[in-house]
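Topology and contacts: notes
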Amino acid sequence: MSRTATYSDDFLLRLVLRVMSDVARKPIVLSPADSLVTGFVIPYSGWDEDPWDDLTCTLGYKLDVPAPFDEWSMELFPPRGALSKDEFAAACRKVTVGDLISLIKRKCPAASFAPLDLPGVPGCDAAGVFLGVKQLVEEIDPRCKRFGPSTPVAQVLHGPALWRLWERLAVLSEAAVPLPYAPQLAMGAWCYLFAFLVAILFVIIECGEPGRGFFLVGLLGSFAFFSTGKCLRESALPLPPGIRTWGDLARYVTPLWPGTHEAVK
């Protein structure tokens with residue numbers, strides 16, 4: 001069976017509407033035939049808000065597409081060219097939610113979690129999930145070494161990269177796969193915040209009483225907090241209890257996976 005896959009229209013519609021609702025801070029209900037501009041962009045634009053930018057950036061993060069805003073805008077909306085203001089606005093209003101979904105399908109090949117036929121084990125769910133997870137790992141860190149089901153997770157991914165894998169699994173499973181407990185990542189983030197605050201505080205003190213070495217003290221304190229935070233985050237291993245290898249992880253995800261949302265070709 002080929003592992004080539006694309007996201008289904010239904011899955012992408014649900015994802016787009018969830019992100020739209022988060023951006024608008026209220027439930028958004030649109031059909032694929034509805035206009036992106038009149039149904040979402042114009043109603044939720046403000047002097048300091050750009051709902052289209054928020055939508056594309058959030059979708060890009062969830063689907064692991066770097067900086068999609070400019071590229072998606074150029075492909076979805078017509079070039080201004082010789083069009084008048086009214087003609088350009090009318091052309092933009094014709095762009096639908098379905099057009100955005102079609103663009104995402106072209107730009108974002110999906111990882112397939114479909115069951116894999118193995119000798120003597122037709123339709124092995126865990127093998128299909130393992131291959132889907134492996135594809136996500138390769139997308140998150142193309143430099144990662146090859147691994148198999150018996151490889152310890154920590155030898156391939158850890159820290160923020162491993163957390164990114166859990167975020168991708170949560171998105172693609174529509175929250176059926178929960179995010180694991182990750183106290184070290186949270187503590188590391190707090191250390192980064194303290195590093196920034198210490199630096200700012202001692203700069204202010206130095207400005208009030210220059211020449212007393214407060215800036216150097218603040219610099220050392222900020223560096224200490226930053227180094228601690230980096231160490232905590234890089235050494236973090238956010239995994240549910242009992243999971244050590246990639247096979248363990250695949251077996252954990254398999255019963256939680258809500259079926260395949262992709263069309264396997």
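Worth saying up front: this structure is predicted, and the values here are computed from it rather than measured.

Moving on, we get to unusual backbone geometry. A positive phi angle, near 55°, is found at glutamate 174, a position not held by glycine. Its place among the elements puts glutamate 174 in the loop between α8 (159-172) and α9 (183-208). Assessed through its relative accessible area of 29%, glutamate 174 is described here as partly exposed. Unlike most non-glycine residues, alanine 175 shows phi in positive territory, near 75°. By secondary structure assignment, the location of alanine 175 is in the loop between α8 and α9. Here alanine 175 falls in the exposed class, since its relative accessible area comes to 59%.

Right, let's get into the nonpolar core. Side chains that are nonpolar tend, in soluble globular proteins, to be buried together. Counting residues in hydrophobic clusters, the biggest one holds 62 residues, and the most contacted among them are Met20, Leu100, Leu165, Leu169 and Trp246. Ranked by residue count, the leading element in this core is helix α1 (residues 9-24), at ten residues. In contact with leucine 165, other than residues within four places in its own chain, are Val133, Leu136, Val137, Ile140, Leu157 and Trp246.

Residue position: arginine 164 is located in helix α8. For arginine 164, a relative accessible area of 11% corresponds to the buried category. Not counting the four nearest positions on each side in its chain, arginine 164 is found in contact with Tyr61, Lys62, Asp64 and Ile140.

This part covers the pattern of salt bridges. This model, assessed by the stated rule, comprises eleven salt bridges. Salt-bridge contacts for arginine 18 lead to glutamate 174; the nearest nitrogen and oxygen are separated by 3.1 Å. Taken together, the residues span a long stretch of sequence, with arginine 18 in helix α1 and glutamate 174 in the loop between α8 and α9 at a distance of 156 residues. According to the relative accessible area criterion, arginine 18 is partly exposed, its value standing at 34%. Across the pair arginine 251 and aspartate 248 runs a salt bridge, and its minimum N-O distance is 2.9 Å. With arginine 251 and aspartate 248 both in helix α11 (residues 246-253), this residue pair falls three residues apart, about one helical turn. Overlapping salt bridges bring together Asp64, Glu139, Arg164, Glu167 and Arg168 as one network.

With that settled, consider the packing of helix α7 (residues 125-140) against α8. Orientation of α7 relative to α8, taken along the N-to-C sense of each, is 130°, at an axis distance of 10 Å. Taken as axis vectors, α7 and α8 run oblique relative to one another. You can see that α7 and α8 cross each other, and the crossing is right-handed. For the pair α7 and α8, contact is made by Val133, Leu136, Val137, Glu139 and Ile140 and by Ala161, Arg164, Leu165, Arg168, Leu169 and Leu172, respectively.

Glancing now at the packing of aromatic side chains. Here the structure, examined in full by the defined rule, presents ten aromatic pairs. Consider the rings of tryptophan 52 and phenylalanine 77, whose centres lie 5.3 Å apart with planes at 80°: the pair is edge-to-face. Separated by 25 residues along the polypeptide, tryptophan 52 in helix α3 (residues 51-62) and phenylalanine 77 in the loop between α4 (69-76) and α5 (85-93) bring together distant segments of the chain. With relative accessibility at 6%, the residue tryptophan 52 sits in the buried group. In this structure an aromatic cluster arises from ring pairing among Phe130, Phe147 and Trp246.

So, how was this worked out
- Residues numbered from 1 in each chain as written.
- Predicted model: local features only at pLDDT ≥ 70, side-chain atom pairs only at ≥ 80, totals over all residues.
- Heavy atoms only, no water.
- Helix = DSSP H or I, 4+ residues; strand = E, 2+ residues; numbered from the N terminus.
- Buried < 20%, exposed > 50% of the residue type's maximum accessible area, 1.4 Å probe, protein only.
- Core = buried A, V, L, I, M, F, W, Y, C linked by side-chain atoms within 4.5 Å.
- Contact = heavy atoms within 4.5 Å.
- Salt bridge = Lys/Arg side-chain N within 4 Å of Asp/Glu carboxyl O.
- Axes fitted to C-alpha atoms, helices over the stretch in contact; angles between N-to-C directions.
- Parallel < 35°, antiparallel > 145°, perpendicular 65-115°, else oblique.
- Left-handed = near helix turned anticlockwise from the far one by under 90°.
- Phe/Tyr/Trp six-rings, centres within 6.5 Å; stacked < 30°, edge-to-face > 60°.

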